[in-house]
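Geometric and topological summary
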Amino acid sequence: MPGGGRCPDCGSTELVEDSHYSQSQLVCSDCGCVVTEGVLTTTFTDEGNLREVTYSRSTGESEQVSRSQQRGLRRVRDLCRVLQLPSTFEDTAIAYYQQAYQHSGIRAARLQKKEVLVGCCVLITCRQHNWPLTMGTICALLYADMDVFSGTYMQIVKLLGLDVPSLCLADLVKTYCSSFKLFQASPSVPAKYVEDKDKMLSRTLQLVELANETWLVTGRHPLPVITAATFLAWQSLQPSDRLTCSLARFCKLANVDLPYPAASRLQELLAILLRMAEQLAWLQVLKLDKRSVVKHIGDLLQHRHMLVRMAFQDGTAETEDQEKEQQGQRQEQRHGEEEVDSSLDLPKGKRPASPALLLPPCMLKPPKRIRPILPISTVTGDENISDSEIEQYLRTPQEVRDFERAQAASHASTSVPNPP
Amino acid sequence: MEGNTYLELYLDRCAAQDDLALPVSPLFSPVVPYEGYLRNSSNPEIVFSSHLEVRETSGDFSSVDLSFLPDELTQENKDQTVIKSKCQTEENCKTQQNRLPLPSEQLRVKNSSLSNSHSFLQPGGTDSVQVSPEKPNSDTLSLSSITPMTPMTPLSECSGIVPQIQNIVSTVNLACRLDLKKIALHAKNAEYNPKRFAAVIMRIREPRTTALIFSSGKMVCTGAKSEEQSRLAARKYARVVQKLGFPARFLDFKIQNMVGSCDVRFSIRLEGLVLTHQQFSSYEPELFPGLIYRMVKPRIVLLIFVSGKVVLTGAKERSEIYEAFENIYPILKGFKKT
């Protein structure tokens, strides 16, 4: 160690600081002679000169597992056990929690956030193993606020640099559908409402796939779509008895919470099915509506791929074509790829005139307000600012006096009057 | 001369197709989207490579009126046309066409644009087209040789969409301590609620902006739609503070954040985008309907929605927003068709 020190025995400059137990010593690395040695103990006067260090800056903090971290790790284990997750998940979630705790921002966070962090670690573990766990479930179990949960989740994913895969829709369907209490008769569930689990699962899966294909799932919370699909699947398996049952009643029977957007998803799904039904000749004559189409969902699902292709045209090709055709919509001259069926059918007059666009519902609705196109401003930023323009924002002295008087009056009226 | 007859036939067909011509698709940036486009359709590949090999077309077009064609197809700009006419040939390939026999090599340009892949794949044809494995190299080489002298659309306008700046946040130092109570008392457009927030919130009508004025003399100005407007607004606020009797100056004006938005006009499969660009994207439909894309260069955050609307934020300069959009547009186009 350079520093001008020399061994008194051999004269070498290679001195190393090496501690013997807790006593610091300066030792020559050539001959082993102890050059200097520190004190093993401190005297009372010595300790008086030492400055105290806060716990957060002392080395002890990073070495030991703090009490709040221990509590957090216990909560992670408890949550994994409540959710009946495999034991490997527990270890992974614990590792994530410990990793998160290394960061000072997490160590200094409020208890509420640390509690939510427990849920985040479990959620990330489940997502990485394709275990379908929704954020809603975790928030309900932890009695956590969704805003706090989302903020913490985004922060921890960024902090730890994790790759979290998306929620697996098929697995979520299976788990969620299995939680519906409709597979056995009970006092609350009449016999005609009981349904076979496998049949309902497979039909729900098909309906969810259909919704995914027709842009009903992208950008939306997945659970309401699955609720609507389950309801339709259940209804369509025995329509004569079940058409009278509403979505709300269905969820109550099945002992499942009804998510608010499920009703709107149901309407969207029915609209898609109606459009598909228009492509089947034997259903066209029946003039179906939203209630009667449920009876034919089985048939529609069987041929869903072909029907979707026939019933809808790709939204993008359609807009391109309309741009290039100035006037005179001669459909025979359109690109033959998607529109051949529809254009050829027009002369026959058997199919609807123009297939609907396959677009997300937000693109099909008319815009709420037309965004105003701002005129190009010629502001340079260095213009003269006239005094009159600034004066308009200032109060005259009279106005100031009036304002002060009004403020004083309002303060007097709001303050509690002294009891007599 | 039979050459002229075929040429006239071709030109007539071009004239008829002008009404139905596809808009020229923006595929001229030499990197990813170009190759992606080529991979998608085999016809233009073959057609295009044939174009590149055509250099010595000696067809005599002087007698024919070519004024209705875009400039690129005239004899002088033959080299440039090979790129631009790729799109035209693509549309020609797709539409129903009579296949003309291919007599002479002076008609190679027309041949390649007229015939579809069927005739190209016939071995031993006069038009000896080879799909060379090193085609991408030749593409980029020819592109690099072409770009300097071309009057084509510049790459910056490839997408044809310009993001609109919606909001600019800037800060300025007035360099004097301020009495917020006095400001709130003497200014009509100010609100001050010390229990809620420790600054005066002041608004002016032109440019329509809002400012947060702190007692330290620092000020934040938000709501302007352009950099110049933001600067003018900040100066107006400083002038108001000056008129109230404080020795306000105008130091260190800096634009801290710019927000822009635009619409690509097609729907986007966000689930697909998050799969292919996992390291940059974050898509949680349970939390937020849009996909959050964190671009590395330039360092911009984009919010991409299923309707095709894109919000870009985090820029300090206008060019960063434009650059970020030009970077994302080809990626989004890749997800246009399901």
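If you're wondering where the values come from, they're calculated on a predicted model, not measured in any experiment. (Residues numbered from 1 in each chain as written. Chains lettered and ligands numbered in written order. Predicted model: local features only at pLDDT ≥ 70, side-chain atom pairs only at ≥ 80, totals over all residues. Heavy atoms only, no water.)

**Section: the interface of chain A and chain B**
Contacts between chain A and chain B engage 57 residues on the former and 53 residues on the latter. For the pair chain A and chain B, the two sides together bury roughly 4,900 Å², of which 55% comes from carbon and sulfur. Across the contact surface, chain A and chain B share 21 residue pairs in polar contact (both at pLDDT 80 or more). Of all elements in the fold, only helix 7 (135–142), helix 8 (146–160), helix 10 (197–213), helix 18 (315–324), helix 20 (361–364), helix 21 (387–391) and helix 22 (397–414) of chain A reach the threshold of two or more residues within the side of chain A that touches chain B. Take the side of chain A that touches chain B: its biggest share by element is five residues, from helix 8 of chain A. Across the side of chain A that touches chain B, the residue classes break down as 24 nonpolar, 15 polar and 18 charged. (Contact = heavy atoms within 4.5 Å. Buried area = accessible area lost by both parts, 1.4 Å probe. Polar contact = N/O pair within 3.5 Å; in protein donor to acceptor, adjacent residues only side chain to side chain. Helix = DSSP H or I, 4+ residues; strand = E, 2+ residues; numbered from the N terminus. Nonpolar A, V, L, I, M, F, W, Y, C, P; charged D, E, K, R; others polar.)

**Thoughts on the confidence of the model for chain B**
Residue and element names in this part refer to chain B. Averaged over all residues, the pLDDT of chain B equals 73, while 54% of them reach at least 70. In the predicted structure, residues 21–58 sits below a pLDDT of 50 and forms 83 contacts with residues beyond four places in sequence or in another chain. Contacts of residues 73–147 to residues separated by more than four positions or lying in other chains number 127 contacts, the stretch itself having pLDDT below 50. Complex prediction metrics read pTM 0.67 and ipTM 0.76. (pLDDT = per-residue confidence, 0-100.)

**Things to note about the layout of surface pockets**
All names here are of chain A. Roughly 860 Å³ of internal volume is contained in the second largest pocket. Along the walls of the second largest pocket sit 25 residues, with Thr134, Gly136, Thr137, Tyr176 and Leu223 positioned nearest its centre. Every element with two or more residues in the lining of the second largest pocket is listed here: helix 7, helix 9 (169–178) and helix 11 (222–237). In terms of residue count, the dominant contributor to the lining of the second largest pocket is helix 7 (four residues). Residues belonging to the lining of the second largest pocket are distributed by class as follows: 15 nonpolar, eight polar and two charged. (1 Å grid on protein atoms, 1.4 Å probe; cavity = no way out; pocket = protein on both sides within 12 Å on 5 of 7 lines; lining within 4 Å. Points joined across faces, edges and corners; volume = space filled by probe spheres on them.)

**Remarks on the confidence of the model for chain A**
Taken over all residues, the pLDDT of chain A has a mean of 84, while the share at 70 or more is 86%. Counting interchain partners and residues more than four positions distant, the pLDDT-below-50 stretch residues 316–349 of chain A has 35 contacts.

**Comments concerning the side chain of Lys236 of chain B**
Residue placement: Lys236 of chain B occurs in helix 9 (residues 227–243). Excluding residues within four positions of it along the chain, Lys236 of chain B makes contact with Ile385, Glu389 and Ile390 of chain A together with Ile204, Glu206 and Pro207 of chain B.

**Focus on the sheet that holds strand 5 (residues 218–224) of chain B**
Residue and element names in this part refer to chain B. Taken together, ten strands build an open sheet; the order of strands is 2-3-4-5-1-6-10-9-8-7 and the sheet is antiparallel. The open sheet is flanked by strand 2 (190–192) and strand 7 (281–283), the only strands paired with a single partner. In this sheet, neighbouring strand axes are inclined to one another by 15 degrees on average, regardless of whether the strands run parallel or antiparallel. Here strand 1 (residues 164–173) pairs with strand 6 (residues 251–263) via eight bridges, running antiparallel. (Pairing = 2+ DSSP bridges. Axes fitted to C-alpha atoms, helices over the stretch in contact; angles between N-to-C directions.)

**Focus on helix 10 of chain A**
Along an α-helix, residues three or four apart share an orientation, since each turn contains 3.6 residues. Residue and element names in this part refer to chain A. With 17 residues, helix 10 should cover 24 Å at 1.5 Å per step; its first-to-last C-alpha distance of 24 Å lies within 8% of that length. Those residues of helix 10 that fall on the buried side of the exposure criterion are Met200, Leu201, Arg203, Thr204, Leu207, Val208, Leu210 and Ala211. At the exit of helix 10 stands Trp215, carrying a positive phi of roughly 70 degrees. (Expected span 1.5 Å × (residues − 1). Buried < 20%, exposed > 50% of the residue type's maximum accessible area, 1.4 Å probe, protein only.)

**Re the packing of aromatic side chains**
A complete count under the given rule lists 15 aromatic pairs over all chains for this structure. When the centroid spacing of 5.7 Å and the interplanar angle of 70 degrees are considered together, the rings of Phe288 of chain B and Phe305 of chain B count as edge-to-face. One end of the pair, Phe288 of chain B, is in the loop between strand 7 and strand 8 (291–295); the other, Phe305 of chain B, is in the loop between strand 9 (300–304) and strand 10 (309–315), with 17 residues separating them in the sequence. Taking relative accessible area as the criterion, Phe288 of chain B reaches 32% and is therefore assigned partly exposed. The rings of Tyr176, Phe180, Tyr193, Phe231, Trp234 and Phe250 of chain A are connected pair by pair, giving a single aromatic cluster. The lysine or arginine in question, Arg395 of chain A, covers the ring of Phe403 of chain A, its NZ or CZ lying 4.0 Å from the ring centre. Above the ring of Trp215 of chain A, the side-chain terminus of Arg269 of chain B is found at 3.9 Å from the ring centroid. (Phe/Tyr/Trp six-rings, centres within 6.5 Å; stacked < 30°, edge-to-face > 60°. Lys NZ or Arg CZ within 6 Å of the ring centre and 35° of its normal.)

**Here's the deal with the sheet that holds strand 3 (residues 34–37) of chain A**
All names here are of chain A. Read across the sheet, three strands follow the order 1-2-3 without closing on themselves; strand pairing throughout is antiparallel. Sheet topology places strand 1 (15–20) and strand 3 at the edges, where each strand pairs with a single neighbour. Averaged over all neighbouring strand pairs, the angle between strand axes comes to 30 degrees, with direction disregarded. Of the strand pairs in this sheet, strand 2 (residues 23–28) and strand 3 are connected by three bridges, and their pairing is antiparallel. Residue Gln25 lies in a different strand from strand 3, and its bridge partner there is Glu37.

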